[in-house]
Amino acid sequence: ADYMPEIKSLSNLSRELVEELNAAMQKIGYWKITLDKAAQAESTTTESEKSNFNAKFDSGCLELTFSGRFDTLNSPEVLAFFEDFEKKHEIDSVIINCEKLEYISSAGLRILLIIHKSSQKGVTLEKTNQLINDILEQTGFNSIFTIKN
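Residues numbered from 1 in each chain as written. Predicted model: local features only at pLDDT ≥ 70, side-chain atom pairs only at ≥ 80, totals over all residues. Heavy atoms only, no water.

Asker: I tried to follow the overall build of the protein on my own but got confused; where do I start?
Answerer: Across its full length, the protein carries four helices and six strands. What you see in the protein, going N to C, is helices and strands ordered as α-β-β-β-α-β-α-β-α-β. The buried share of the protein, taken over its 149 residues, is 37%. Of all intrachain contacts in the protein linking residues separated by at least 6 positions in sequence, the fraction that spans at least 24 positions is 62%. Surface accessibility of the protein: about 9,800 Å² in total, with carbon and sulfur atoms responsible for 48%. (Helix = DSSP H or I, 4+ residues; strand = E, 2+ residues; numbered from the N terminus. Buried < 20%, exposed > 50% of the residue type's maximum accessible area, 1.4 Å probe, protein only. Contact = heavy atoms within 4.5 Å. Areas by Shrake-Rupley, 256 points an atom, 1.4 Å probe, with all protein chains shown as cover.)

Structure, rendered in structure tokens:
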């Protein structure tokens, strides 16, 4: 309830209905996700049961290593990391090691596109496996990113 969103469109409803809605919303769990400001930005690793990413930064080049799945569950975390990192550093290029990446969903591709548009020299995908290559080809993303195997 500490992080319950405020709904501004309730002004047209009766007071009783607004109170009922607020009481019902108190029973719902809300997550507030924030980044740890004390974390080292130059080298970061995050892990979950099915995915992991590691980041290193050297001379304007951000190197990301993904393993497992890059999908709807972890793409917000990767985007939040990148946006926070981008505020603190000038990123010339991004290299993404996909050697251990098992799957990428449309949500993961969206994050890669955001990263690509934000870096001066774009994104290079390295060591992509056949499944990732197939996904990139089917979606047309193989024409957007530089792919080195």
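Asker: Where do I start with the packing of aromatic side chains in this structure?
Answerer: Working definition: an aromatic ring pair is given by the centre-to-centre distance plus the angle between the planes. Per the stated rule, a full pass over the model turns up six aromatic pairs. Between Phe53 and Phe81, the aromatic rings sit 5.4 Å apart at their centres with planes inclined by 65°, giving edge-to-face as the arrangement. Within this pair, whereas Phe53 is found in strand β2 (residues 51–58), its partner Phe81 is found in helix α2 (residues 75–88), the two being separated by 28 residues in sequence. What makes Phe81 buried here is its relative accessible area of 11%. Judged by centre distance (5.0 Å) and plane angle (75°), the ring pair of Phe57 and Phe85 falls under edge-to-face. Of the two residues, Phe57 sits in strand β2 while Phe85 sits in helix α2, which places them 28 residues apart along the sequence. (Phe/Tyr/Trp six-rings, centres within 6.5 Å; stacked < 30°, edge-to-face > 60°.)

Asker: Teacher, can you tell me more about the confidence of the model for the protein here?
Answerer: It should be kept in mind that the predicted coordinates are not to be read in detail where pLDDT is low. Across the protein, the average pLDDT comes to 82, with 77% of residues at 70 or higher. Mean pLDDT in the protein bottoms out at strand β1 (residues 43–47), which sits at 50, and peaks at strand β5 (residues 123–126), which reaches 96. (pLDDT = per-residue confidence, 0-100.)

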